[in-house]
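# Breakdown of the fold
If you want the building blocks of each chain, they are given just below.
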Amino acid sequence: MKKILLLLLCFAMALSVLPACSSESSGEHGTSAPTEGATQAGTHAPIQAETSAPTDIPTGVPDETPTEEEPTMPVEPLEIGERYFIFRIWNFEINSLDAFKNIVDTVAADGFNAIKVHIPWHHVETTAGVYEYTAFDPLINYVVREKGMKVAISLDMTRRKGDTVLSEDDIMRDPSGNLCMGGSMTGDRLQISFNSENAVSKCVAFYQNAVKHYDGLYGEDVLFYLPAFSQYAETEYWCTAEYDHSTHAVAAFRTFLKENYQDIAALNKALDTSYGSFEEVLPPSTTAGNNVGQLWYTFRHQSLKNVIDRLAVAQDEVTANSKFALQLGCVYDTVSALRGTYGVADLAEHADVVWIDDGPLMNHHFSMDYIRSVLPASVELAQEIDGPHQNGATPERYLAQGLVCFERGCTYVSAANWSIDANYETYRPVWQEISSTWLGDNAPGVVQPTESSPILEISLLDLFKKRNPDGYIGRYNKLAEGGRFVYIKVLDDLTTQVPTEPLLAYSFPGDFATEQGVKGWSYCVYTRKKLVPMTFDAANNRWQGNGSFNLVSSGSVHPDAADTAIVFTAPKDGDISCSYSLSMASSDGDGIIFYILHNGEKITIGEARNGGILVTHDTPGDDTITLSVKQGDEIAFLVNKNLNTSYDSTAVSITVEYK
């Protein structure tokens, strides 16, 4: 890490102490007890308000033609030294040394040259301030000293129900007040609140102690240290619900609003609300794609970043030569709003390694070009091949993922959530081919960016509102023909500014609900030129029409013999823009036909085909139309089966915004 930069950061944070009624400085380590009801763990610095934001941000995706301007970030070739193919070993229940040795010996024989060891905080610190590593030291010693392999250390910050080191007051909560509890292997794992100074200061103390302990034992044989917050052992919010609505987070959110709006009148103007004071404001139950949702997302981003930055400083204080890593589930997909990971460049300001976890069906070329474009060339990249339970997992897909990710710039590729069982045996040729291709002396060349690389521009605010990257990925695929690198120029208009004027914006799946009419959206079957409301299927968390395949879930639509419709009812008169993007989950069907009705009248969009556009796996659809509407007008977005209903599941994203 950059020692001088971090020392400057630490010094700057130490100067930003606020009165007791506001949040603790992000540089404070909690040496004094917070005042009752005070905001915890990190000042949220005001963001400059811009009168043109976000109303001037385009809602459609950029034009597919590459821009003529030079990238604002230098296009630097990557210089990759030794590569590592890593196997991850969990210790939710601590492995015996014999069991651990068997795993390491097996994967080493198949070409893995490093092991990622999972160390849960709650196993190390069972009594406050007392750290015990004796259960883990023999495991790491076997990897480094006996096998001669490198080790990566993942420090899992989740705690357990009934904890004595932290209380339930220190844990994240969902909008209903339920603890952020659950996760794989053990169902009582708890995620700490990023706004509880008690939790954060103890988390930082453990992390620093663990880094100091293992750096003293193994030094440069440790590839990197990775702090993991969520139940998925990633450096983010857990994405199964909307977190954090704890008392600490609510208080900190109000402080954030005060810092950015100064008086309640300015906030009311921006949100079109009538609050009497900041103390009346509650966080939204979802990170909806409107002004209050944008504010809530930005606040959550800052809370996450504050903790990440404190850990980076803590690590640098004990070992300036070690590497600090972040692991993020994804930075652009549908649930990145819940994870809080859209602003990856800002989160990774002090990171040496950034890790992302693609599913087998994701576009790995896009993922790698995206992450390479937004981070400096000095930051090492990593990808994860998840266990065989994933949707679409096959040996062919996982082989392609491993080869592509190394080809597009990874220093590290890992396999996680694998046991040494029949599934592992099926995939052994995959591990062997990945390792023999990329870890030997004759590894292929990495695809490098050049000054002539095509450019794709992406707005984070647009991603946040749409909750679907497919329109961008469709344009990326056209630019990336022939396997060339695409420079992805990301405009962070989400975490860097706050709105000053009301924004009437509505989105699917951002506003998806279990009741008809919420935020103006309803879910219907279109039959005999009538829109017939669907029924919500709570067991499957989706809307069900008369046909077996007339389905709408959060972000996905499937037609039957009759068309499936997502309907927006205009709340007032005005001019609106309607932007949409669609992509097919499979290439095996004959595609779908997408079209729009305004009060029952078809609108010609894109290439006319039966009044709509043909969308297939290879040719996703995206566009923006403008309409003049009256209050109560219905704009229906419909999916038709084309010739048959086979493989017609379609990812759909729609944003409606008043101009």
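In this text, all values refer to a predicted model and were calculated from it rather than measured experimentally.

Among the 7 residues in strand β3 (residues 150-156), 6 count as buried, and that is most of the element. Inspection of the sheet shows β3 paired to strand β6 (residues 222-228) by 5 bridges, in the parallel sense. For valine 151, the partnering residue across the bridge sits in β6 and is valine 222.

A few words now on the state of the cysteines. Considering all chains together, one arrives at 0 disulfides under this definition. The cysteine cysteine 410 is free of any disulfide, with cysteine 405 supplying the nearest cysteine sulfur at 4.9 Å.

The subject of this paragraph is the nonpolar core. Grouped together as the largest cluster of nonpolar side chains are 107 residues, with contacts concentrated most on Phe87, Ile115, Tyr370, Ile371 and Trp431. Top element by residues in this core is helix α5 (residues 197-218). It accounts for 10 residues. With 36 residues, the next largest nonpolar core counts Phe508, Leu582, Ile592 and Ile654 among its residues.

On to empty space enclosed by the protein. Overall, the coordinates contain 2 cavities of 30 Å³ or more when judged by the stated rule. Quantified by volume, the second largest cavity comes out at close to 30 Å³. Every residue along the wall of the second largest cavity is listed here: Met172, Phe194, Asn195, Tyr237, Asp244, Ala249, Phe299 and Arg300. The class makeup of the residues in the lining of the second largest cavity is 5 nonpolar, 1 polar and 2 charged.

Strands belonging to one sheet form pairs held by backbone hydrogen bonds; the direction of such a pair is parallel or antiparallel. Reading across the sheet, the 8 strands line up as β6-β3-β2-β1-β10-β9-β8-β7 and stay open at both edges, with parallel pairing between neighbours. Across the chains shown, the open sheet's two edge strands, defined by having one partner strand only, are β6 and β7 (325-328). Taken over all neighbouring pairs, the strand axes of this sheet differ in orientation by 25° on average, direction set aside. Where β7 lies against strand β8 (residues 353-356), 4 bridges are found, and the strand directions are parallel. The residue of β8 that forms the bridge with alanine 325 is valine 353. Of the strands in this sheet, β2 (114-120) and β3 touch helix α4 (residues 137-146), which is tilted by about 160° from β3. Packed on one face of the sheet, helix α12 (residues 395-407) meets β1 (84-89), β9 (380-385) and β10 (410-415) and runs near 160° to β10.

As a further point, take the pattern of salt bridges. This model, assessed by the stated rule, comprises 23 salt bridges. In this structure, lysine 323 engages glutamate 380 in a salt bridge whose closest nitrogen and oxygen atoms are separated by 3.0 Å. Taken together, the residues lysine 323 in the loop between α8 (291-318) and β7 and glutamate 380 in strand β9 connect sequence positions 57 residues apart.

As a further point, take the packing of aromatic side chains. Evaluation of the coordinates by the stated rule reveals 44 aromatic pairs. The interplanar angle of 85° and the centroid separation of 6.1 Å between the aromatic rings of phenylalanine 87 and tyrosine 424 together place this pair among those described as edge-to-face. Note that phenylalanine 87 is positioned in strand β1 and tyrosine 424 in helix α13 (residues 422-438), a separation of 337 residues in sequence. Given the relative accessible area of 1%, phenylalanine 87 is considered buried. In this structure tyrosine 424 comes out as buried when scored by relative accessible area, which is 0%. Taken together, the ring pairs connect Phe85, Phe87, Phe112, Tyr398, Trp418, Tyr424, Tyr427 and Trp431 into an aromatic cluster. Over the ring of tyrosine 237 we find arginine 300; its NZ or CZ atom is 4.1 Å from the centre of that ring. Above the face of the tyrosine 658 ring, lysine 572 is positioned so that its terminal group lies 5.5 Å from the ring centre.

To continue, consider the pairing of strand β11 (residues 455-459). Within β11, 4 of the 5 residues are buried, which leaves the element mostly enclosed by the surrounding structure. Two elements, β11 and strand β12 (residues 487-491), share 5 bridges in a ladder whose sense is parallel. In the strand pairing of β12, isoleucine 455 is matched with tyrosine 487.

This paragraph deals with unusual backbone geometry. Here the bond from tyrosine 243 into aspartate 244 is cis, since omega is 25°, no more than 30 degrees from zero. Relative to the helices and strands, aspartate 244 is located in the loop between β6 and α6 (247-261). With phi around 55°, aspartate 272 is a residue other than glycine that occupies positive phi space. As for its position among the elements, aspartate 272 is in the loop between α7 (264-271) and α8. Among the residues examined, aspartate 272 registers a relative accessible area of 62% and is labelled exposed. Its identity as a non-glycine residue notwithstanding, asparagine 599 has a phi of 50°, on the positive side. Assessed through its relative accessible area of 44%, asparagine 599 is described here as partly exposed.

With that settled, consider helix α11 (residues 364-374). The buried count for α11 comes to 10 of 11 residues, which makes it a mostly enclosed element. Sitting at the amino-terminal end of α11 is asparagine 363, which places a side-chain oxygen 3.2 Å from the backbone nitrogen of histidine 365.

Parts of the prediction with low pLDDT should not have their coordinates interpreted in detail. On average, residues of the protein carry a pLDDT of 87, and 88% of them reach 70 or more. Segment residues 2-43: pLDDT under 50, and 80 contacts once partners within four positions in sequence are set aside and those in other chains are kept. Confidence drops under pLDDT 50 across residues 50-73; counting only partners more than four residues distant or on other chains, this segment forms 61 contacts.

Turning to α7, a few remarks are in order. Looking only at α7, the buried set comprises Ile264, Leu267, Asn268, Ala270 and Leu271. Seen end-on, α7 carries its buried residues on one side only, within an arc spanning 165°. Those residues of α7 hidden inside the fold are in contact with α6 and α8. One side-chain oxygen at the N-terminal end of α7 lies 3.0 Å from the backbone nitrogen of alanine 265; it belongs to aspartate 263.

So, how was this worked out
- Residues numbered from 1 in each chain as written.
- Predicted model: local features only at pLDDT ≥ 70, side-chain atom pairs only at ≥ 80, totals over all residues.
- Heavy atoms only, no water.
- Buried < 20%, exposed > 50% of the residue type's maximum accessible area, 1.4 Å probe, protein only.
- Helix = DSSP H or I, 4+ residues; strand = E, 2+ residues; numbered from the N terminus.
- Pairing = 2+ DSSP bridges.
- Disulfide = S-S within 2.5 Å.
- Core = buried A, V, L, I, M, F, W, Y, C linked by side-chain atoms within 4.5 Å.
- 1 Å grid on protein atoms, 1.4 Å probe; cavity = no way out; pocket = protein on both sides within 12 Å on 5 of 7 lines; lining within 4 Å.
- Points joined across faces, edges and corners; volume = space filled by probe spheres on them.
- Nonpolar A, V, L, I, M, F, W, Y, C, P; charged D, E, K, R; others polar.
- Axes fitted to C-alpha atoms, helices over the stretch in contact; angles between N-to-C directions.
- Contact = heavy atoms within 4.5 Å.
- Salt bridge = Lys/Arg side-chain N within 4 Å of Asp/Glu carboxyl O.
- Phe/Tyr/Trp six-rings, centres within 6.5 Å; stacked < 30°, edge-to-face > 60°.
- Lys NZ or Arg CZ within 6 Å of the ring centre and 35° of its normal.
- Polar contact = N/O pair within 3.5 Å; in protein donor to acceptor, adjacent residues only side chain to side chain.
- pLDDT = per-residue confidence, 0-100.
- Arc of directions from axis to C-beta.

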